[in-house]
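Each chain, written out:
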Amino acid sequence: MIKKIKSETAERWGYMGIQSLIDSGNYFYVFAVIGVVALAGFAVGLHGTFTGYHHVYGVTRQVPWGVLISAYIFCVVTSTGLCLVSSIGHVFGYEPYMPIAKRAVFLSIVFMLGGFTIIFFDVENPFRMPIYNALSPNFTSNMWWMGTLYTLYLLALIVEYFFLLDQNHSMSRLAGLLGVIFGVAAHSNLGAVFGMLHGREFWYGPYMPIYFIVSAMMSGGAAIIFFSCLAWKIDRTVLTRRMERGIKAVCQLTILLIAIILFFTFWKIISGIVAPEKYIAIKAFISGPYAPHFWIAEVGLGLIVPFVLLIRSEGINTNLMFAATGFMMVGIFFMRYDLVLAGQIVPVFHAMHVEEYNSLLHYMPSFHEIAVVVAGLSFSAALFMLGEKVLNAHKFQKHAIVPPGAFICPGCGGIHYKKEGESEEDALRRHHRMRKVDREDEHA
Amino acid sequence: MKLMNINLEKLIPESLDSVSPMERRSFLKMGLVITGVFAGGRIFSVVSNVNEAFASSTDFVEKYPYSPHYSMVIRQGLCIDCEQCLQACKETNSVPDYGYRTRILTKTVSDAIGRQREFIPILCNHCNDAPCTRACPTKATYKNEVNGVVMMNSKKCIGCKMCILACPYEARYYNAERRAIDKCNFCYDTRISKGEKLTACSYVCPTGARIFGDISDPENVVYSMVHQIEKQVWVLRPESGTKPNVFYMKATRSSPWDLRKQAGAR
């Protein structure tokens, strides 16, 4: 009996068992290599923990936040974006986005875990964090809100994913809404962590929280396309008609969001050029030592090239979209790196014209820092690969196992039960809480 | 033609010498009440601040928020970069070699007449509106409620380094031995709470460039140095609005007369 229930749940969840990963041949070896890389990175990180980070990390007193914070931001930005973009479908009921939900929410959790792993190696006393976060909260601190809200966000995501697996769409929708609320709150707080530092002119202002949310959605769109194309390369059956439609819709949204971020970046530069205290940092990025980062990686790979490629792909050409979003993932990483460094490279005492601070500060990631970033990202990648096989590529159930009285929802792709005398359309509307609309042609 | 009846012999000169102490005190008191310049520590120059304070009512401060309100006056021109303060600080507060709680910056003005170099000691400003205490997620750094010193509760520090970024004065660093951020606390735990009157740095300073005291006490030297209009008193990075408690002023060994002699001698 228990076994039967177990197998029913497994079927409903699309759980294929670990064996499906082990039996997957070359795929398994790639997974194993990535897993070993992640473990090796963790080992290097732990070595740093025991030697003391100030010996092995490249961060200094003047530049206390380096590539680890950038990578953490990259991960949580992507996670928030995945959650927000997929919520358009399964939370707010826009049908073309529905089929991407399962993979997006799964990846959202995966990236969040990757981000938390990286921050574990950045914070000096990570074990004190949960204790004093609870015992001695500082409600004026954006850092406190960010940590707390991200924890709630992760919990909401896990609940949401559980109900998505269980095909309980009203509950997953509720949890998804909570996820969106916590996600936006947490993420704008992450922006405010930078935006409320009034001693750092480059970051200060409401721009950061706004920019963070919009760029999160852009990253989320890119991540959905990138990982769906990747999943399609792994398993050709992933790209169903519905999925194609979903990807096309996400592609259109991503193009729009790239345009918005281009416009944000443009005005950030233009307004920064006339602000004397921001000018030094801006100049370092447009013509100084960070110019290759900025122009080639951030603007080129992150925005303009994918903008052109995504428009050319028309949301149909998966190879073009895969390339475009792959570039974007690299470009977005540099975007975060630039953002973290830009506020720090100008010394706080630069206006005093003292000898100690008459030039830009320098930061170079150390081997240990890079290893931890690689560990966090490959940990996420390994979890993605695990999910693709073990969770049946996040597909919904096949027709063969549709129970009597149920049907496959053309919207979300899940299984819905019909009430007696109810049409499929009515059942769909009931499940997704869509209002019945009286149209002229329906009366006729 | 009608002439004004002015007796030049009896006219009182309008220089500062002629202002009676009573008048001066009432002027200062007015300045204190209206602008809160001294208490707020938002001193750029006393005169320019009068206009600035009218813009916002939050700058009205009638008395100092702490008692004793520990402050320091740095007489910039007197520092000779002997670094005895740094040494004393390291020894008193067991500061490791990779960190510092206070530092001396060097400013060179190559086209200046006479002296071309100036040393600027910096340390934690123990701001009234400290950005670090706002940013700390766990209240590991906080304002001492009695004397306003920005202190650390090391066991609560998670090491996120948020406060390092929030500080506009670069006063903080991570101390691996304490497993926490470390910073100047006006030697509160090592000297002041044990009955000493001065911080280690101001105690050893041979030129009197660092003057430590209680700015809320009219008898105190810091009070009398900051509460004056003859000399310009300022704080670092006033645009950050942090209301620091470390004040800077010029005190050169060379008087204007000396400077003129030096210029003439060339």
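It should be emphasised that the depicted structure is a prediction, and the values quoted were computed from it without experimental measurement. (Residues numbered from 1 in each chain as written. Chains lettered and ligands numbered in written order. Predicted model: local features only at pLDDT ≥ 70, side-chain atom pairs only at ≥ 80, totals over all residues.)

Overview of the overall build of chain B
The helix and strand tally for chain B stands at nine helices and 10 strands. When each of the 266 residues of chain B is scored for burial, the buried share is 42%. Of all intrachain contacts in chain B linking residues separated by at least 6 positions in sequence, the fraction that spans at least 24 positions is 62%. (Helix = DSSP H or I, 4+ residues; strand = E, 2+ residues; numbered from the N terminus. Buried ≥ 20, exposed ≤ 12 C-beta atoms within 10 Å, placed from the backbone. Contact = placed C-beta atoms within 7 Å.)

Thoughts on the overall build of chain A
The helix and strand inventory of chain A stands at 17 helices and two strands. Relative to a compact globule of 444 residues, whose C-alpha radius of gyration would be 22 Å, chain A shows 23 Å and is just as compact. Overall size of chain A, expressed as C-alpha extent along the three principal axes, is 85 × 55 × 45 Å. Counting only residues that meet the buried cut, chain A has 49% of its 444 residues in that class. Considering only contacts within chain A whose residues lie at least 6 apart along the sequence, 73% involve residues at least 24 apart. (Rg over C-alpha atoms; globule rule 2.2 N^0.38 Å.)

A short note on the interface of chain A and chain B
Of the residues lining the interface, 31 residues belong to chain A; the matching set on chain B comes to 33 residues. When residues of the side of chain A that touches chain B are traced back to their parent elements, those giving at least two are helix 7 (128-135) and helix 8 (142-165) of chain A. When residues in the side of chain A that touches chain B are grouped by element, the largest group, four residues, is from helix 7 of chain A.

What about the domain arrangement of chain A?
Domain annotation for chain A reports domain 1 (2-395) and domain 2 (402-437). Using only C-alpha atoms to locate each centre, domain 1 of chain A and domain 2 of chain A end up separated by 35 Å. (Domains from an automatic or database assignment.)

Considerations on the sheet that holds strand 9 (residues 233-234) of chain B
All names here are of chain B. Read across the open sheet, the four strands follow the order 8-1-10-9; overall the sheet is mixed. The open sheet has two edge strands, strand 8 (210-214) and strand 9, and neither has a second partner. Pairing between strand 9 and strand 10 (residues 246-249): two bridges, direction antiparallel. Bridge pairing in strand 10 places W234 opposite Y248. (Pairing = 2+ DSSP bridges.)

Considering helix 15 (residues 367-390) of chain A
Its 24 residues give helix 15 of chain A an end-to-end C-alpha distance of 34 Å, which sits within 8% of 34 Å, the value for a rise of 1.5 Å per residue. Phi for N392 of chain A, located one or two positions after helix 15 of chain A, is positive at around 55°. (Expected span 1.5 Å × (residues − 1).)

Brief notes about the environment of M321 of chain A
The topology assignment puts M321 of chain A in helix 14 (residues 318-342). A C-alpha to C-alpha distance of 7.4 Å links M321 of chain A and F226 of chain A, two positions 95 residues apart in sequence.

Observations concerning the packing of helix 6 (residues 101-122) of chain A against helix 10 (residues 207-234) of chain A
Describing two packed helices takes the angle between their axes plus the distance from one axis to the other. All names here are of chain A. Contact pair helix 6 / helix 10: the axes reach a minimum separation of 10 Å and the direction vectors enclose 110°. Regarding the angle of helix 6 to helix 10, the classification is roughly perpendicular. For the pair helix 6 and helix 10, contact is made by R103, A104 and L107 and by A223, I224, F227, S228 and A231, respectively. Residues that form the contact of helix 6 with helix 10 fall into these classes: six nonpolar, one polar and one charged. (Axes fitted to C-alpha atoms, helices over the stretch in contact; angles between N-to-C directions. Parallel < 35°, antiparallel > 145°, perpendicular 65-115°, else oblique. Nonpolar A, V, L, I, M, F, W, Y, C, P; charged D, E, K, R; others polar.)

A look at the environment of N392 of chain A
Residue and element names in this part refer to chain A. Along the chain, N392 falls in the loop between helix 15 and strand 1 (406-408). The buried category is assigned to N392, around which 23 C-beta atoms lie within 10 Å. When the C-alpha atoms of N392 and D235 are compared, they prove to be 9.7 Å apart, with 157 residues separating the residues in sequence. Setting aside residues up to four positions removed in sequence, N392 forms contacts with G14 and M16.

So, the packing of helix 5 (residues 67-90) of chain A against helix 10 of chain A
Residue and element names in this part refer to chain A. Running from amino to carboxyl end, helix 5 crosses helix 10 at an angle of 80°, the nearest separation of the two axes being 6 Å. One element, helix 5, and the other, helix 10, form an angle in the roughly perpendicular class. Judged by residue contacts, V77, T78, T80, G81, L82, L84, V85 and S86 of helix 5 engage F212, S215, A216, M217, M218, S219, G220, G221, A223 and I224 from helix 10. Per-class residue counts for the contact of helix 5 with helix 10 are 10 nonpolar, eight polar and no charged.

Section: the confidence of the model for chain B
A low pLDDT score tells you not to read the predicted coordinates there in detail. All names here are of chain B. Residues at a pLDDT of 70 or more form 71% of chain B, whose mean pLDDT is 79. Throughout residues 30-60 the model reports pLDDT below 50, and contacts reaching past four residues in sequence, or to other chains, amount to 47 contacts. Reported confidence for the predicted complex is 0.83 by ipTM and 0.84 by pTM. (pLDDT = per-residue confidence, 0-100.)

Some words on the pairing of strand 8 of chain B
Residues and elements named next belong to chain B. Here strand 8 lies mainly inside the structure; five of its five residues are buried. Burial along strand 8 is two-sided: the residues R210, F212 and D214 and I211 and G213 are all buried. By the bridge criterion, five bridges tie strand 1 (residues 70-75) to strand 8 in an arrangement that is antiparallel. Each bridged residue has a counterpart across the sheet, and for I74 the counterpart in strand 8 is R210.

Re unusual backbone geometry
Residue and element names in this part refer to chain B. Looking along the chain, the bond that leaves S67 and enters P68 is cis, with omega of -5°. Following the sequence through the fold, P68 ends up in the loop between helix 3 (46-54) and strand 1. Unlike most non-glycine residues, E83 shows phi in positive territory, near 65°. Turning to its location among the elements, E83 is positioned in the loop between strand 1 and helix 4 (84-93). Even without glycine at this site, E170 takes up a positive phi of about 55°. Assignment of secondary structure puts E170 in the loop between helix 6 (162-166) and strand 6 (172-175). Judged by the 20 C-beta atoms lying within 10 Å of it, E170 falls in the buried class.

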